[in-house]
Amino acid sequence: MGATAEWTKETAVDWRDGLLATKLHVPRTPPDFLSRARLVEQLEKGLARELLLVCAPAGFGKTVLLAEWSQLGSRPVAWLSLDAADNDPVRFWRHAIAALNRLRPGIADQVGPLLARPGLASVDGVVTAVVNEMATADGDGLLVLDDYDVIHAEQVHRSLMVLLEHPPPGLHLVLASRSDPSMPLARMRGRGQLAELRSTDLRFTPEEAAALLRRSVGSDLDDEAAATLAARSEGWAAGLQLAALSLRGQAKINEFVTTFSGTHRYVLDYLTEEVLSGQPEPIRTFLLETSVLDRLCGPLCDAVTGRAGSQALLEAIEHSNLLLVPLDEVRGWWRYHHLFADLLRARLHQQEPLRVQELHRNAATWSEAHGLSDDAVHYALAAGDPVWAAQLIERHADALILRGEVATVRRWLADLPADLAASRPRLLLVRTLLSLLTGHVEPVESLLERAERVADSADDPFEPSVGKAASALATVPAAIALDRAHLAELRGDADRAIHFGQKALELIGDSDSMLGSIAAARLAVAYWLGGRLGDAERGLSASIDGWQAAGERYLAVRGCSYLGLVHRAQGRLDAALMTYQRALEIATPQAGPALPAAGAAHVGIAEITYQRNELDVAMQHVAEGIETCRQLPFTQPLAMGLVTLAWIRQATGDADGALDAVSEAEQVPASPDLADVLNPVPVQRARLLLSQGNVPAVAEWIEERGVSVDDELNYPREPAYLLLVRMLLATGAANEALHLLGRLHADAAAHNRVGSLIEINALRAVALAAVGNDADGVESLATALTLSYRQRHIRVFVDEGAPMRALLGPLVAAQSDEHAIAGRLPMSCLARLAKAFDTGGDRTQTPRTSIVPGLIVPLSDRELEVLHLLAAGKQNREIADELYVTRDTVKKHITHILDKLGVANRTQAATRARELGLLV
């Protein structure tokens, strides 16, 4: 299996792979169809609402009604017929975007590639891109999602709610479902956002029922018989349709009508028997044998039944209107009416139970041969052959993961017997990859150990994988070694990462150049963590050059992200900025779609420009980076972007906004076992709290983490130890801080980590001043500035606040001493730093509040911002977009505002705020 998550090739798979065109076909109305103008009129009126829901049990004619409406109107229609596999959100949106291409030509090429990535963490960013693209479409159009009752995945429901909450002008969403979808229908109904057609609306009136029956059997059906059938079917479309089929050829119509009674289930059973018994034997046999199929075409049915001539039979069955639904315009694919298929399958199991497995096996063989891997796995399991299904999964999982259909692979694995899934090394490696993709490292080691034991004990070699996406499965031992290297890297164990990276390279040898290049890059990252910065830079640079030359854009961009971290560890901001800019150029070519990995490049640029105190530029890049990073399968760039946003807000005096951003960063999925340099959120959140004066919370965090001054130091945990230094300084333990700083300095100097030395010397200056040694403090600050001024590091000093600002005066005075280090600093360096402090850079204390007479608890700055937007009539989502926070955060602020103002709603809040002078 793909031996490492982050380095998996994104560009190897076209997003269109696996699309089923039959799902996008607008169904045709049947030959004896009865137009229902009253319902079409209701549908037209429903377009005034955000969501149009057609909800009724099976057999009420939902699909036929929507098909008629689609064909009658002049507006374009994007139709998607759903099935259970669409619970995979990536698969769902791949087909939805393909459907929407009929409304907005070109949207598929613009947005579709965003889905062609392994392990996409969330489709919300993709939906946002859909909204933005659809906003440019001309005129009205319908997006019809048929059979929505098969969808139970919460992520699909949530993504549709994103579309409903930000509806593009002219796009109308229509759902057809047997049951209420998992959406806030009551709230939408109360707000006038929902239009509904239910079973009571869809029932045929006596007049409609009579007209439908006479179309089938002619005028011989008298009014009384028609009324009886209409009454006994209770206007149920499927019952009426089957009744019409059964009436054909009946010599005694009135006698038949008399026997037509009972509930829907019994009526359908009875009429199905009547329909089947009236068919010729070849047709009856064909119907039963092909009922195992979810979709039918001539060649597939030939393969399943073992007989030729299926295409002609399908066309004859459609012509006879035997509940066969066409899925395209060229008579290529059909499906049986769902209820009819259920009954045919039940009859097949009763009459030929031994034949069922053979039919499913034939279907699986044909499906795999024709590239329908999901169908192949489904039919293999239905055939009672889970081992074959496991082999199919091993063969095709890579391709689906590269397409981003992770939920489908998880479903495959869940459908296998547990003991089988745990007994095949490649299946265990599939599960390992899925865990690494999502940053859940806890189960990885046990999975790899199990894979290793199983592979060692296997009597026979496993069949080789096939297909271009299976290169990482060249050998199970190589894949295991590379996954172990990645796991060790994520945990910050550099020695173990280096060991397994080298082992993976040895095992791969010359057998797979692409996998070898990934292993080499993985090893270079391990060198960075282990302090071998020169080796890391050379290894990553060579990999990036090779990938770029080979057109592997995604790999090249990810390599640049790591190389930027190496440059920053070296203290080389110029080199890091150039690397991130190169990544942005690779990710956003002049021709072709941009890669979502561009978000990581934007975040990197934001971090550099923030360090240089270019806050406006940093904000522009971090805002774009965060939105793009939401589409990435790996979470570290998004987390780092939100942390950078927090510090930008803190630097501009928005303490509440800083906490909002870091709180959102905490919601980004990440294992607690990740190294601090790879998961910055916990340490940076604690540091932000400390800068705002919340010492107890930080002390508690440090105690929970078990960080102490005498720990064995390593670079992956360095951010936690620098936080401990700041904590010691805040609590008056400067001597302990100096002791720890001395150990940190020795470790950084031994590995020539200039970036660390700058920060350590800056903190050492503050610590020395705290114990009364101002002279040495000034010299330590001068050392930090000497290492940093050519690369224009600024925030590393300014973010330390007033204690650092107090050292600037003595440092300037030391310029007169030509023998001191400070005397060799250019005045432009000191002027730049002083300007950063003097223009409001020292904003790292407790947030400001608005003290107002008559207001017992003052509003914070962020609450005042929300109050002004609230009073301006902005909705929660608009406030969230403007302030770059989540809607839950906005709700929290509004609750606090209402409580502090002593009011019950928004209108009262605005009135009360004006009375207090908070609003003009």
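Figured I'd write up the structure that's included with this text. (Residues numbered from 1 in each chain as written. Predicted model: local features only at pLDDT ≥ 70, side-chain atom pairs only at ≥ 80, totals over all residues. Heavy atoms only, no water.)

1. A word on the overall build of the protein
Okay, step 1: Helix and strand counts for the protein come out as 48 helices and nine strands.
Okay, step 2: Buried residues in the protein amount to 58% of all 920 residues.
Okay, step 3: Across the protein, every contact between residues at least 6 apart in sequence was considered, and the portion connecting residues at least 24 apart equals 70%.
Okay, step 4: Entry remark: accessible area of the protein is about 36300 Å², with carbon and sulfur atoms responsible for 52%. (Helix = DSSP H or I, 4+ residues; strand = E, 2+ residues; numbered from the N terminus. Buried < 20%, exposed > 50% of the residue type's maximum accessible area, 1.4 Å probe, protein only. Contact = heavy atoms within 4.5 Å. Areas by Shrake-Rupley, 256 points an atom, 1.4 Å probe, with all protein chains shown as cover.)

2. As for the sheet that holds strand β3 (residues 141-146)
Okay, step 1: Taken in spatial order, the five strands of this open sheet run β2-β3-β4-β1-β5, and their pairing is parallel. The outermost strands of the open sheet, each flanked by one partner alone, are β2 (77-81) and β5 (194-197). The average angle at which neighbouring strand axes cross in this sheet is 15°, direction not considered.
Okay, step 2: Strand direction decides the pairing type here: β3 and strand β4 (residues 171-177), joined by five bridges, are parallel. Bridge pairing in β4 places L143 opposite L173.
Okay, step 3: With respect to the sheet, helix α3 (residues 89-100) is in contact with β2, β3 and β4, its orientation differing from that of β2 by roughly 150°. (Pairing = 2+ DSSP bridges. Axes fitted to C-alpha atoms, helices over the stretch in contact; angles between N-to-C directions.)

3. Focus: the nonpolar core
Okay, step 1: The biggest cluster of nonpolar side chains holds 97 residues, and the ones touching the most others in it are W528, L540, W547, Y610 and V677.
Okay, step 2: With sequence-adjacent residues up to four places away left out, Y610 is seen in contact with L615, A618, W647, I648, A651, R795 and D799.
Okay, step 3: Of all hydrophobic cores here, the second largest spans 58 residues; its members include Y721, A737, A762 and A765. (Core = buried A, V, L, I, M, F, W, Y, C linked by side-chain atoms within 4.5 Å.)

4. A word on helix α25 (residues 476-490)
An α-helical turn contains 3.6 residues, so any two residues separated by three or four positions project in the same direction.
Okay, step 1: Here α25 spans 21 Å end to end across 15 residues, near enough to the 21 Å set by a 1.5 Å rise per residue.
Okay, step 2: For α25, the buried fraction is high: 14 of the 15 residues fall into the buried class.
Okay, step 3: After α25 finishes, the residue G492 shows a positive phi value of roughly 80°. (Expected span 1.5 Å × (residues − 1).)

5. Looking at the packing of helix α39 (residues 754-770) against helix α40 (residues 774-788)
Okay, step 1: Here α39 crosses α40 at 160°, and the two axes come no closer than 8 Å. By the angle between their axes, α39 is roughly antiparallel relative to α40. The crossing of α39 and α40 is left-handed. The residues of α40 that touch α39, namely those facing V754, L757, I758, N761, A762, R764, A765, L768 and A769, are D774, D776, G777, S780, L781, T783, A784, L787 and S788. (Parallel < 35°, antiparallel > 145°, perpendicular 65-115°, else oblique. Left-handed = near helix turned anticlockwise from the far one by under 90°.)

6. A word on the pattern of salt bridges
Okay, step 1: Summed over the entire model, instances satisfying the criterion amount to 43 salt bridges.
Okay, step 2: In this structure, R91 engages D83 in a salt bridge whose closest nitrogen and oxygen atoms are separated by 3.6 Å.
Okay, step 3: A salt bridge links R705 to D676; the shortest N-O distance between them is 3.0 Å. You can see R705 sitting in helix α36 (residues 695-705) and its partner D676 sitting in the loop between α34 (655-666) and α35 (681-691), a full 29 residues away along the chain. (Salt bridge = Lys/Arg side-chain N within 4 Å of Asp/Glu carboxyl O.)

7. Regarding the packing of aromatic side chains
Okay, step 1: Scanning all chains against the criterion turns up three aromatic pairs.
Okay, step 2: Ring centres 6.3 Å apart and planes at 65° place the aromatic pair W333 and W366 in the edge-to-face group. One end of the pair, W333, is in the loop between β6 (324-326) and β7 (334-336); the other, W366, is in helix α18 (residues 353-369), and 33 residues separate them in sequence.
Okay, step 3: For W366, a relative accessible area of 11% corresponds to the buried category.
Okay, step 4: With a centroid separation of 6.0 Å and 80° between ring planes, the pair formed by W528 and Y715 is classed as edge-to-face. Of this pair, W528 sits in helix α27 (residues 513-529) while Y715 is found in the loop between α36 and α37 (718-730), placing the two residues 187 residues apart along the sequence.
Okay, step 5: According to the relative accessible area criterion, Y715 is buried, its value standing at 11%.
Okay, step 6: Directly above the aromatic system of F204 lies the positively charged group of R36, at a separation of 3.8 Å from the ring centroid. (Phe/Tyr/Trp six-rings, centres within 6.5 Å; stacked < 30°, edge-to-face > 60°. Lys NZ or Arg CZ within 6 Å of the ring centre and 35° of its normal.)

8. Things to note about unusual backbone geometry
Backbone phi values are negative for most residues with the exception of glycine, while trans is the configuration of most peptide bonds.
Okay, step 1: In this model, D147 sits at a positive phi of 60°, which is unusual for a non-glycine residue.
Okay, step 2: If you trace the backbone, D147 turns up in the loop between β3 and α6 (154-165).
Okay, step 3: Of note, R792 is a non-glycine position whose phi angle comes to about 60°, a positive value.
Okay, step 4: By the element assignment, R792 lies in the loop between α40 and α41 (795-798).

9. Some thoughts on the packing of helix α28 (residues 533-549) against helix α29 (residues 553-569)
Okay, step 1: Their axes nearest at 9 Å, the elements α28 and α29 cross at an angle of 160°. By the angle between their directions, the pair α28 and α29 is classed as roughly antiparallel. Relative to α29, α28 is oriented so that their crossing is left-handed. Along the contact surface, α28 presents L533, A536, E537, L540, S541, I544, W547 and Q548, while α29 presents L555, A556, G559, C560, Y562, L563, V566, H567 and A569.

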